[in-house]
Amino acid sequence: MSLLAGHDASTETSGIAGILPAFAAFGSRVRGWRRWLTAFAAGAVGALAMPPFGFLPALVLSLMPAIWLLDGTAGVGPSRWAPLKTAAFLGWFWGFGYFVAGLWWLGAAFLVEADQFAWAMPFGVLGLPALLAFFPAFGFALACLLWLPGARRILAFAFGLTISEVLRGHLFTGFPWNSPGMALGQNLWLMQSASLVGLYGLTFLSLCIGAAPAVLLTGRTARARWMAPALAAAMLVGLAGFGFWRVPAQASATVPDVRLRIMQPNLPQDAKFNPRNRDAIMRHYLSLSARPVQDGAAPTHIIWPESAFPFLLDRDPASLAQIGALLEPGSVLITGAARMDEPLPGEAVGKFYNAIQVIDDRGTILGSYDKAHLVPFGEYVPHFLDAVIRAVGLRQFVHIPGGFEPAEKRMTLAIPGLPPVAATICYEAIFPGEILGDGPRPDLILNVTNDAWFGETPGPYQHFAQARLRAVEEGLPLVRAANTGISAIVDPFGRIVDQMPLSVESIIDPNLPVAETATVYSKWGKFSLTVTLVICLMLLVVRRGGRSTFP
């Protein structure tokens, strides 16, 4: 008897006729290596729902087999704990497929300096997905623990995997890249619900919607088969309807007396960090930024991407003077740049920071924001591994002695002529609910980044999509400058006002959209998600009524 599936041989001949029910039966009964291979393949298919593909049915094709595979864990093994172990293995293989297919582009970074890092590519392409897969392994096991017959198991699955996604976004510095909620978070209408529930709320909804069709092939009665898919379809229509209602017909108003110029230099990564190219890089930036304005309105703020220079800008008076000469009176330049503190007594060099610096028309640095959430192994080596890695002659990707130091806390950046700015550097923009710094509520999100590490792969598209969702969550416009793209300006509803495609050298001169009032998510996001998950857990526990095959 299958506790989990609510599926027996009779369902294969009643209701929905044909071959499809055989797939559900196969999923619940497959064993051995075929079980793990099926889980891996199902996870890999799910990556097609992520940017840049955005094929939403792929989420269904990924989650339905996951449900059926979990159906088959009842009564597996001689001990009461064996089903949980089997479910965890299923989750690991599903997650491994999902992350390999969705994050393979990380390997491109190892080829930028191939002579030093190419040998380590398998650790990035396979090693990181193997580690990340432990999160869905936990999620599958938790779902298995709460499993109920019929449509109610969809709720258990969505609860377990959402919990694991929240953990993935926070533990070990966090890495919420390609959370299943992004399947909904890249469509203009569907993404609007992020203003209420954020990425993790979208993840819970995505899992419910994507897994519900599994019941269509395993329900005992017509009502049991159609209820969950019908509710999922209604939920999807409701999300789209809310988005249609929320997005105004007219364009967003713009901030008066602000004209931006976003510069995308499109420099290859191997040239960008070569000190011998410093003069050529500066000339390139200056000439691109000095292009004539099409409509006669001079830019008040010029924005350059992350780590724009292979030298310390604040210690190079000649370069600062060149920037000052570029700027019109009263305008400023905002750029990514490495900076170094003054060394303490007894130190040869000070601490380095990945920063955003604001420079006026006299070449004076007016302010700075230091990156708080650094990339492990990219910008620093974790202290407990530092000695081991250096002993074998390795270092982080960025050429900074000792790596970057993180800022103690995230601060709102003050820039003359602009409202308060939520500054983010690179992948800081992928963390929902964490981009607003101390101080007054900002009125825009600034994201400078360097995605040249990853070439023309899905990586830059995924990065931009996640930064765009932050604008909807917080009700703030997004201004984004990326070295090779995608640079853009996005209004508070996620509408792309203007953008430069990947691997194009260009500029855009947009106005700055006005921020919306604080969203429900901005005020109550984490609280509402907690309440939703607690209610979900209570429903599952109560409906079990104390009956359980598992411990």
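Criteria and cut-off values
- Residues numbered from 1 in each chain as written.
- Predicted model: local features only at pLDDT ≥ 70, side-chain atom pairs only at ≥ 80, totals over all residues.
- Heavy atoms only, no water.
- Helix = DSSP H or I, 4+ residues; strand = E, 2+ residues; numbered from the N terminus.
- Buried < 20%, exposed > 50% of the residue type's maximum accessible area, 1.4 Å probe, protein only.
- Contact = heavy atoms within 4.5 Å.
- Areas by Shrake-Rupley, 256 points an atom, 1.4 Å probe, with all protein chains shown as cover.
- Core = buried A, V, L, I, M, F, W, Y, C linked by side-chain atoms within 4.5 Å.
- 1 Å grid on protein atoms, 1.4 Å probe; cavity = no way out; pocket = protein on both sides within 12 Å on 5 of 7 lines; lining within 4 Å.
- Points joined across faces, edges and corners; volume = space filled by probe spheres on them.
- Axes fitted to C-alpha atoms, helices over the stretch in contact; angles between N-to-C directions.
- Parallel < 35°, antiparallel > 145°, perpendicular 65-115°, else oblique.
- Nonpolar A, V, L, I, M, F, W, Y, C, P; charged D, E, K, R; others polar.
- pLDDT = per-residue confidence, 0-100.
- Pairing = 2+ DSSP bridges.
- Expected span 1.5 Å × (residues − 1).
- Left-handed = near helix turned anticlockwise from the far one by under 90°.
- Phe/Tyr/Trp six-rings, centres within 6.5 Å; stacked < 30°, edge-to-face > 60°.
- Lys NZ or Arg CZ within 6 Å of the ring centre and 35° of its normal.
- Salt bridge = Lys/Arg side-chain N within 4 Å of Asp/Glu carboxyl O.
- Right-handed = clockwise from strand over helix to strand, strands pointing away.
- Patch = residues over 30% accessible without salt bridge, like charges linked within 9 Å, V, L, I, M, F, W, Y side chains within 5 Å.

(A) View of the overall build of the chain. Helices and strands together make up the secondary structure of the chain, namely 16 helices and twelve strands. With 551 residues in all, the chain has 56% of them scored as buried. Once local pairs closer than 6 in sequence are excluded, the contacts in the chain between residues at least 24 apart make up 72%. Total accessible area on the chain is roughly 22,500 Å²; 67% of this is exposed by carbon and sulfur atoms.

(B) Representation of the nonpolar core in the model. Counting residues in each nonpolar core, the largest one holds 100 residues, and the members touching the most others are Trp94, Phe157, Ile303, Ile356, Leu446, Val479 and Leu512. When residues no more than four places from it in sequence are discounted, the contact partners of Trp94 are Ala39, Phe40, Ala42, Gly43, Ser62, Leu63, Ala66, Pro136, Phe140 and Leu161. Formed by 21 residues, the second largest nonpolar core is a distinct cluster that contains Leu267, Ala308, Phe309 and Ile507.

(C) A look at empty space enclosed by the protein. Summed over the entire model, instances satisfying the criterion amount to one cavity of 30 Å³ or more. Taken as a whole, the largest cavity spans an internal volume of roughly 50 Å³. Together, Leu260, Ile303, Ile334, Ile415, Leu418, Val421, Leu444, Leu446, Val479 and Leu512 line the largest cavity.

(D) Structural view of the packing of helix α12 (residues 278-289) against helix α13 (residues 317-326). Look at α12 against α13: their axes get within 11 Å of each other, and the N-to-C directions meet at 10°. Considering their axes alone, α12 and α13 lie roughly parallel with respect to each other. Here α12 contributes Arg278, Met282, Leu286 and Ser289 to the contact with α13, which in turn contributes Ser319, Gln322, Ile323 and Leu326. For the contact of α12 with α13, the class distribution of residues is four nonpolar, three polar and one charged.

(E) Highlighting the confidence of the model for the chain. For the chain, the average pLDDT comes to 85, and 85% of its residues sit at 70 or higher. Within the model, pLDDT remains below 50 along residues 1-19, and this stretch shows 44 contacts once partners closer than five positions in the same chain are excluded. A low-confidence stretch, residues 546-551 (pLDDT under 50), is modelled with eleven contacts involving residues beyond four sequence positions or located in other chains.

(F) Structural detail: the sheet that holds strand β8 (residues 478-482). Spatially, the five strands line up as an open sheet ordered β6-β7-β8-β9-β10, and their pairing is mixed. Because the sheet does not close on itself, it has two edges, and the strands there are β6 (421-425) and β10 (496-500). Adjacent strand axes in the sheet meet at a mean angle of 10° when their direction is disregarded. Note that strand β7 (residues 444-449) and β8 share five bridges and pair parallel. Bridge assignment links Asn447 to a residue of β8, and that residue is Arg480. Sitting on the sheet, helix α15 (residues 458-474) touches β7, β8, β9 (487-490) and β10, and the angle it makes with β8 is about 160°.

(G) Fine view of α15. In a regular helix each residue adds 1.5 Å, so 17 residues correspond to 24 Å; α15 covers 25 Å between its end C-alpha atoms and thus fits that length. α15 sits mainly inside the fold: 16 of its 17 residues count as buried. Directly after α15, the chain includes Gly475, whose backbone phi takes a positive value near 70°.

(H) Examining the packing of helix α4 (residues 82-103) against helix α7 (residues 134-145) more closely. It is the contact of α4 with α7, at a shortest axis distance of 7 Å, that shows an interaxial angle of 140°. As summarised for this structure, α4 and α7 are arranged oblique, according to the angle between their axes. The handedness of the crossing between α4 and α7 comes out as right-handed. Between α4 and α7, the contacting residues are Pro83, Leu84, Ala87, Ala88, Leu90, Gly91, Trp92, Trp94, Gly95 and Phe99 on the first element and Phe134, Pro136, Ala137, Phe140, Ala141, Cys144 and Leu145 on the second. Along the lines of polarity and charge, the residues of the contact of α4 with α7 split into 15 nonpolar, two polar and no charged.

(I) Up close: the packing of aromatic side chains. For the coordinates displayed, the defined rule picks out 21 aromatic pairs. Both rings, one in Tyr285 and one in Phe309, keep their centres 6.0 Å apart while their planes meet at 65°; by these two values the pair is edge-to-face. One end of the pair, Tyr285, is in helix α12; the other, Phe309, is in the loop between β2 (301-303) and α13, and 24 residues separate them in sequence. The same class applies to Tyr285 as to Phe309, namely buried. Over the ring of Phe311 we find Arg278; its NZ or CZ atom is 4.2 Å from the centre of that ring.

(J) Looking closely at the pattern of salt bridges. In total, this model carries 14 salt bridges according to the counting rule given. A salt bridge links Arg339 to Asp370; its shortest N-O distance comes to 2.6 Å. Of this pair, Arg339 sits in strand β3 (residues 332-340) while Asp370 sits in strand β5 (residues 365-370); the two residues are 31 residues apart in sequence, bridging distant segments of the chain. Ionic pairing is found between Asp360 and Arg362, a salt bridge with its closest N-O pair at 3.1 Å. On the basis of relative accessible area, Asp360 is assigned to the buried category, the value being 6%.

(K) Structural context of the pairing of β8. β8 sits mainly inside the fold: five of its five residues count as buried. Covered by surrounding structure in β8 are Leu478, Arg480 and Ala482 together with Val479 and Ala481, the residues of both alternating faces. In the classification by handedness, the crossover that spans β7, the intervening α15 and the parallel β8 is right-handed. Bridge count for β8 against β9 is three bridges, and the pairing is antiparallel. Bridged to Arg480 within β9 is Ala488. Between the antiparallel neighbours β8 and β9 lie four residues, among them Gly485 with a positive phi of about 110°.

(L) Local environment of a nonpolar patch on the surface. A surface patch of nonpolar side chains, amounting to about 660 Å² of accessible area, comprises Leu196, Val520, Trp524, Phe527, Val531, Ile535 and Leu539. If you tally residues by element for the nonpolar patch, the top one is helix α16 (residues 520-544), at six residues. Given a relative accessible area of 55%, Phe527 falls into the exposed group.

(M) A look at the pairing of β6. Burial analysis of β6 places five of its five residues in the buried class, which makes it a mostly covered element. Residues Val421, Ala423 and Ile425 point to one face of β6 and Ala422 and Thr424 to the other, with burial holding for every one of them. Summarising the sheet, β6 and β7 pair through five bridges and their orientation is parallel. Across the sheet, Ile425 pairs through a bridge with Val448, a residue of β7.

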